[in-house]
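Geometric and topological summary
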Amino acid sequence: MKLLEVLLDLLYPPKCPFCDRLLAQGENGVCALCEQSLPRTKGEAKLVDGCDTCLSPVWYCGGVPNAIHRYKFNGGRTHAQLFGSLMAQCLSNHWHQRIDLVTWVPLAPKRLRERGYDQAELLARVVAKLASLPVAPTLVKVKNTKTQSQLEKTEERAANVLGAYQPLTGLDLAHQRVLLIDDVATTGATLSQCAACLQKAGAQSIIALTFARAR
């Protein structure tokens, strides 16, 4: 396995997701400069309807938007390990109550086929593994929506995702505390819609965790 990793590093030298520079020897996932300058939230939570809290390790500013763009649209799926580990550490530092299940905000089937992977699912699986928690899909996206980042007004974002998600058929989350994962939280409209679906399936509470959050 290590030989394969060495060969892959030679063919595709690892780059910092935040500044896109080649990583120096000893740098792990992120360059030393970006590691020092990451816009960390320091545990500051966001209020999202339907969720007990919404936590994120970093603010959506500086080099973070470009890093997420590379992750989602430039085939940067390997960044999930770094982003997910930052999320897991944030959760460990700032949430000390029980969690029964990790799940994620799903892509629409068409978008999933185009991209080849669900960025929120990859993050959820990394977080679940590091936190030693079970992970499973719970929701399906039933409506193709515009990209939320293309909409400026809070009302437009809320209307865009209204009715876009449904719980999986037969889903039973009775008495469960669910950790809901996504890549970015802006107005919280998407998380709120998904939380409503999880509550409909019986979830006792929902904790949202995203990689980044708009100020």
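Structural data are supplied above this passage.
Let me sum up the structure you'll find in this document.

What counts and what doesn't
- Residues numbered from 1 in each chain as written.
- Predicted model: local features only at pLDDT ≥ 70, side-chain atom pairs only at ≥ 80, totals over all residues.
- Heavy atoms only, no water.
- Helix = DSSP H or I, 4+ residues; strand = E, 2+ residues; numbered from the N terminus.
- Rg over C-alpha atoms; globule rule 2.2 N^0.38 Å.
- Contact = heavy atoms within 4.5 Å.
- Areas by Shrake-Rupley, 256 points an atom, 1.4 Å probe, with all protein chains shown as cover.
- Lys, Arg positive; Asp, Glu negative; His and termini not counted.
- Charge placed at Lys NZ, Arg CZ, Asp CG, Glu CD.
- Buried < 20%, exposed > 50% of the residue type's maximum accessible area, 1.4 Å probe, protein only.
- Salt bridge = Lys/Arg side-chain N within 4 Å of Asp/Glu carboxyl O.
- Polar contact = N/O pair within 3.5 Å; in protein donor to acceptor, adjacent residues only side chain to side chain.
- Pairing = 2+ DSSP bridges.
- Right-handed = clockwise from strand over helix to strand, strands pointing away.
- Axes fitted to C-alpha atoms, helices over the stretch in contact; angles between N-to-C directions.
- Parallel < 35°, antiparallel > 145°, perpendicular 65-115°, else oblique.
- Left-handed = near helix turned anticlockwise from the far one by under 90°.
- Nonpolar A, V, L, I, M, F, W, Y, C, P; charged D, E, K, R; others polar.
- Expected span 1.5 Å × (residues − 1).
- Arc of directions from axis to C-beta.

The secondary structure content of the chain amounts to eight helices and seven strands. Computed over the C-alpha atoms, the radius of gyration of the chain is 17 Å, within 12% of the 17 Å expected from 2.2 N^0.38 for a compact globule of 215 residues. With respect to the three principal axes, the spread of C-alpha positions in the chain is 50 × 35 × 30 Å. Within the chain, contacts between residues separated by at least 24 positions form 73% of all contacts whose residues are at least 6 apart in sequence. As displayed, the chain has an accessible area near 11,500 Å², and 52% of this comes from carbon and sulfur atoms. For the chain, the distance from the average site of its 25 positive side-chain charges to the average site of its 18 negative ones is 2 Å.

Our focus in this paragraph is the environment of His175. Along the polypeptide, His175 turns up in the loop between strand E5 (165-167) and strand E6 (177-185). Along the primary structure His175 and Leu23 are separated by 152 residues, whereas in three dimensions their C-alpha atoms are 45 Å apart. Leaving out residues up to four positions away in the same chain, His175 has contacts with Arg98, Asp100, Gly202 and Gln204.

With that settled, the discussion passes to the side chain of Asp118. Relative to the helices and strands, Asp118 resides in the loop between helix H5 (109-115) and helix H6 (119-131). It turns out Asp118 is buried and unbridged, and the closest side chain with the opposite charge, Arg115, is 6.4 Å from it. A polar atom in the side chain of Asp118 sits 3.0 Å from the backbone nitrogen of Leu107.

Of all nine residues in E6, nine are buried, a share of seventy percent or more. As paired strands, strand E3 (residues 101-104) and E6 are joined by four bridges and run parallel to one another. Within E6, the position partnered with Thr103 by the bridge is Leu180. Bridging between E6 and strand E7 (residues 205-213) involves eight bridges; their strand directions are parallel. Each residue of the ladder has a partner; that of Leu180, found in E7, is Ala208. Each parallel crossover has a hand, and the one from E6 via helix H8 (residues 189-200) to E7 is right-handed.

This part takes up the packing of helix H4 (residues 80-94) against H6. The interhelical angle for the contact between H4 and H6, taken along N-to-C directions, is 50 degrees, at an axis separation of 8 Å. In terms of axis orientation, H4 runs oblique to H6. Here H4 and H6 pass one another in a crossing that is right-handed. Residues Ala80, Gln81, Phe83, Gly84, Ser85, Met87, Ala88 and Leu91 of H4 lie in contact with H6, whose contacting residues are Leu122, Leu123, Val126, Val127 and Leu130. Its residues assigned to classes, the contact of H4 with H6 shows 10 nonpolar, three polar and no charged.

Attention now goes to the environment of Gly76. One can find Gly76 in the loop between helix H3 (64-73) and H4. Through-space distance from the C-alpha of Gly76 to that of Gln119 is 9.6 Å; in sequence the pair is 43 residues apart. Aside from chain neighbours lying at most four places away, what touches Gly76 is Arg70, Tyr71 and Tyr117.

Turning our attention to H8. Between its terminal C-alpha atoms H8 stretches 17 Å, which fits the 16 Å expected from 12 residues at 1.5 Å a residue. Considered for burial, the residues of H8 that qualify are Ala189, Thr190, Leu191, Ser192, Cys194, Ala195, Cys197 and Leu198. After H8 finishes, the residue Gly202 shows a positive phi value of roughly 105 degrees.

A few words now on helix H7 (residues 154-161). Residues Arg157, Asn160 and Val161 constitute the buried set of H7. The arc that holds the buried residues of H7, viewed along the axis, is 80 degrees, so those residues lie on one side. Where H7 is buried, its residues touch E5 and H8. Positioned one or two residues after H7, Gly163 has a phi angle of 75 degrees, which is positive.

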